[in-house]
Amino acid sequence: LDDEDAGIRYEAAGALRRLGEQSVAAHLVPLLKDDDLQVQVAAATALGSLGGQLAKRALRICLELGDESLERAAQEALTVAEFEDDPLGVKFEE
């Protein structure tokens, strides 16, 4: 995740996404500020796939950073994360 090669960081984000564990979200959040846009997008995509409160909070912050590409990736990732939370789009009251 902190390799000098952006390609390695990109692949690391993808590997964490494939793990499918929300617990790795904390390791992905710093990549949202990476110097490489593709790494940032990979981290956002991974966070969307993993879901959870930390991932959604980090993605919402990305929506306000002013980088159009990252904002678009974060919005798409949030859509995935929220769909996973409620696949039918129906909020049931308890």
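This text gives an overview of the structure that appears in the document. Note that this is a predicted model, so its numbers are computed, not measured.

**Examining the overall build of the chain**
Moving on, step 1. Summing up its helical and strand segments, the chain has five helices and zero strands in all.
Moving on, step 2. Counting from the amino terminus, the chain carries its helices and strands in the arrangement α-α-α-α-α.
Moving on, step 3. For the chain, contacts bridging at least 24 residues in sequence account for 51% of all contacts bridging at least 6.
Moving on, step 4. Surface accessibility of the chain: about 6100 Å² in total, with carbon and sulfur atoms responsible for 50%.

**Thoughts on the side chain of Gln 40**
Moving on, step 1. As for its position among the elements, Gln 40 is in helix 3 (residues 37-50).
Moving on, step 2. Excluding residues that lie within four positions of it along the chain, Gln 40 makes contacts with Leu 31, Leu 32, Lys 33, Asp 34 and Leu 70.

**Notes on the pattern of salt bridges**
Moving on, step 1. A full pass over the atoms with the stated rule returns three salt bridges.
Moving on, step 2. For Arg 9, the salt bridge is made with Asp 34, and the minimal N-O distance between the two is 2.7 Å. On the criterion of sequence distance, the pair formed by Arg 9 in helix 1 (residues 6-19) and Asp 34 in the loop between helix 2 (25-28) and helix 3 is long-range, its members being 25 residues apart.
Moving on, step 3. Arg 60 is paired through a salt bridge with Glu 82; the nearest N and O atoms lie 3.4 Å apart. Here Glu 82 lies in helix 5 (residues 68-85) and Arg 60 lies in helix 4 (residues 53-62), a separation of 22 residues in the sequence.
Moving on, step 4. You can call Arg 60 partly exposed: its relative accessible area is 38%.
Moving on, step 5. Assessed through its relative accessible area of 38%, Glu 82 is described here as partly exposed.

Rules used throughout
- Residues numbered from 1 in each chain as written.
- Predicted model: local features only at pLDDT ≥ 70, side-chain atom pairs only at ≥ 80, totals over all residues.
- Heavy atoms only, no water.
- Helix = DSSP H or I, 4+ residues; strand = E, 2+ residues; numbered from the N terminus.
- Contact = heavy atoms within 4.5 Å.
- Areas by Shrake-Rupley, 256 points an atom, 1.4 Å probe, with all protein chains shown as cover.
- Salt bridge = Lys/Arg side-chain N within 4 Å of Asp/Glu carboxyl O.
- Buried < 20%, exposed > 50% of the residue type's maximum accessible area, 1.4 Å probe, protein only.

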